Amino acid sequence: MKPLIDQLINELAAMAPVQAVLLGGSRAAGLAEADSDYDLYVYGDPVPLALRQGQLGPLFAQVEWDNRFWETEDDGVLTDGSEVELIYRSFDFITAMVAATVEQHQAWVGYTGCFWANLQGSRILFDRQGQAAALQRRFAVPYPEALREAVVRKNFPLLRRALPAYRRQLAKALARQDGVSVNHRLAAWLASYFDILFAVNRLPHPGEKRLQQHLAALPSQPAGAGEEVQALLALGHGDPALLQRLDRLTEAMAVWLTGQGLAHCLD
């Protein structure tokens, strides 16, 4: 870890509201590239903005304080050039999100278990009372079979069969030459497709990055999935062949799911 990153962590640890600091993202996974940022998840009670600015401000060359686009974040560049995202969370929030997935088996439309993957894949840098470690131990469990089935039941109908299925929406968008809508619905289709892939392989969704790389590493997948996804992405957003590619991917997935003993989830 760079000296200035260590100093940043020490400054956070000195703040009374901060209970834990975890490193997530590509830096924790060992997949970082030269320009990868540092995703630091800061757990505890809300940290007053004035305290953050006073203690952390001198470490930044550039910073946007208190961004609220997704979660509460301070996003910036340290004086040594390191890009940093400080994401502030409560333990109650992450516990509720992961428990809903792991213990209550609630599937999402795409990205099921991404908070679970984030928590379990993060590296603890500071843990005042051991809460982060305890939470990782609580959720260090095998992928629940009930969740696996729930993800398939939730997402597979949206690929083609359900009345509001993305395939139907894409056909309409292509017919009216609505490229923005095609882009939007295709992204949603892929989110559900990958959600099923990870769930059937008993893996929580790793997030939106490097999905083709993750696909190549999956121990089980539909026949030709990697090549078909690559061919799909190579098509223009106005190309009617999109529908043919989606149908091929969906048909191959149905065959695969049946082979995985999940045919009962396709009804």
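Structural notes, computed from the coordinates. It should be emphasised that the depicted structure is a prediction, and the values quoted were computed from it without experimental measurement.

**Section: the side chain of R185**
So, step 1. Its location among the elements puts R185 in helix α9 (residues 179–200).
So, step 2. We note that R185 is buried and unpaired, the nearest opposite charge coming from D178 at a distance of 9.7 Å.
So, step 3. Among the polar contacts listed, one links the side chain of R185 to the side chain of Q169, at a separation of 3.3 Å.
So, step 4. Apart from the residues lying within four places of it in its own chain, the contact partners of R185 are Y166, Q169 and L170.

**Digging into the sheet that holds strand β2 (residues 38–44)**
So, step 1. With respect to topology, 6 strands assemble into an open sheet ordered β3-β4-β5-β2-β1-β6, the strand pairing being mixed. In this open sheet, the two edge strands, each paired with only one partner strand, are β3 (60–67) and β6 (123–127). Strand-to-strand twist of the sheet, defined as the mean angle between neighbouring strand axes without regard to direction, takes the value 20 degrees.
So, step 2. One ladder, built from 6 bridges, connects β2 with strand β5 (residues 83–89); its direction is parallel. Paired with L40 across the two strands is L86, which belongs to β5.
So, step 3. On top of the sheet, helix α1 (residues 3–13) reaches β1 (18–24), β2, β4 (72–78), β5 and β6; it is set at about 20 degrees to β5, its chief contact.
So, step 4. On the sheet, helix α6 (residues 131–138) packs against β1 and β6 and is oriented at approximately 145 degrees with respect to β6.

**Here we look at the layout of surface pockets**
So, step 1. In this structure, the largest pocket spans a volume of roughly 1,300 Å³.
So, step 2. Forming the walls of the largest pocket are 36 residues, and the residues nearest its centre are Y41, N118, P206, G207 and E208.
So, step 3. Of all elements in the fold, only α2 (25–29), β2, β5 and α5 (114–121) reach the threshold of two or more residues within the lining of the largest pocket.
So, step 4. When residues of the lining of the largest pocket are assigned to their parent elements, the largest contribution, 5 residues, is made by α5.
So, step 5. A class-by-class count of the residues in the lining of the largest pocket yields 15 nonpolar, 10 polar and 11 charged.
So, step 6. Along its surface, the second largest pocket is lined by 13 residues, and D45, P46, V47, Y88 and R89 are the ones closest to its centre.
So, step 7. Only β2 and β5 provide two or more residues apiece to the lining of the second largest pocket.
So, step 8. If one sorts the elements of the lining of the second largest pocket by residue count, β2 sits on top with 3 residues.
So, step 9. Considered class by class, the residues forming the lining of the second largest pocket number 6 nonpolar, 3 polar and 4 charged.

**Quick look at the pattern of salt bridges**
So, step 1. In total, this model carries 13 salt bridges according to the counting rule given.
So, step 2. With its nearest N and O atoms 2.8 Å apart, the salt bridge here joins R52 to D74. Highlighted residues: R52 in helix α3 (residues 49–56) and D74 in strand β4, separated in sequence by 22 residues.
So, step 3. Overall, R52 belongs to the buried group, its relative accessible area being 3%.
So, step 4. Its salt-bridge partner being D178, residue R176 comes within 3.0 Å of it at the nearest N-O pair.
So, step 5. Ionic contacts of the salt-bridge type, sharing partners, join the residues R52, D66, R68 and D74 into one network.

**What to know about the packing of helix α4 (residues 91–102) against α6**
Pairs of packed helices are described in terms of their axes, by the angle between the two and the distance that separates them.
So, step 1. Across the interface, α4 lies against α6 with an axial gap of 11 Å and an inter-helix angle of 5 degrees. Between α4 and α6, the angle is such that the two are roughly parallel. Residues F91, I94, T95 and A99 of α4 pack against Q131, A132, L135 and R138 of α6.
So, step 2. Classifying every residue of the contact of α4 with α6 gives 5 nonpolar, 2 polar and 1 charged.

Calculation notes
- Residues numbered from 1 in each chain as written.
- Predicted model: local features only at pLDDT ≥ 70, side-chain atom pairs only at ≥ 80, totals over all residues.
- Heavy atoms only, no water.
- Helix = DSSP H or I, 4+ residues; strand = E, 2+ residues; numbered from the N terminus.
- Buried < 20%, exposed > 50% of the residue type's maximum accessible area, 1.4 Å probe, protein only.
- Lys, Arg positive; Asp, Glu negative; His and termini not counted.
- Salt bridge = Lys/Arg side-chain N within 4 Å of Asp/Glu carboxyl O.
- Polar contact = N/O pair within 3.5 Å; in protein donor to acceptor, adjacent residues only side chain to side chain.
- Contact = heavy atoms within 4.5 Å.
- Pairing = 2+ DSSP bridges.
- Axes fitted to C-alpha atoms, helices over the stretch in contact; angles between N-to-C directions.
- 1 Å grid on protein atoms, 1.4 Å probe; cavity = no way out; pocket = protein on both sides within 12 Å on 5 of 7 lines; lining within 4 Å.
- Points joined across faces, edges and corners; volume = space filled by probe spheres on them.
- Nonpolar A, V, L, I, M, F, W, Y, C, P; charged D, E, K, R; others polar.
- Parallel < 35°, antiparallel > 145°, perpendicular 65-115°, else oblique.

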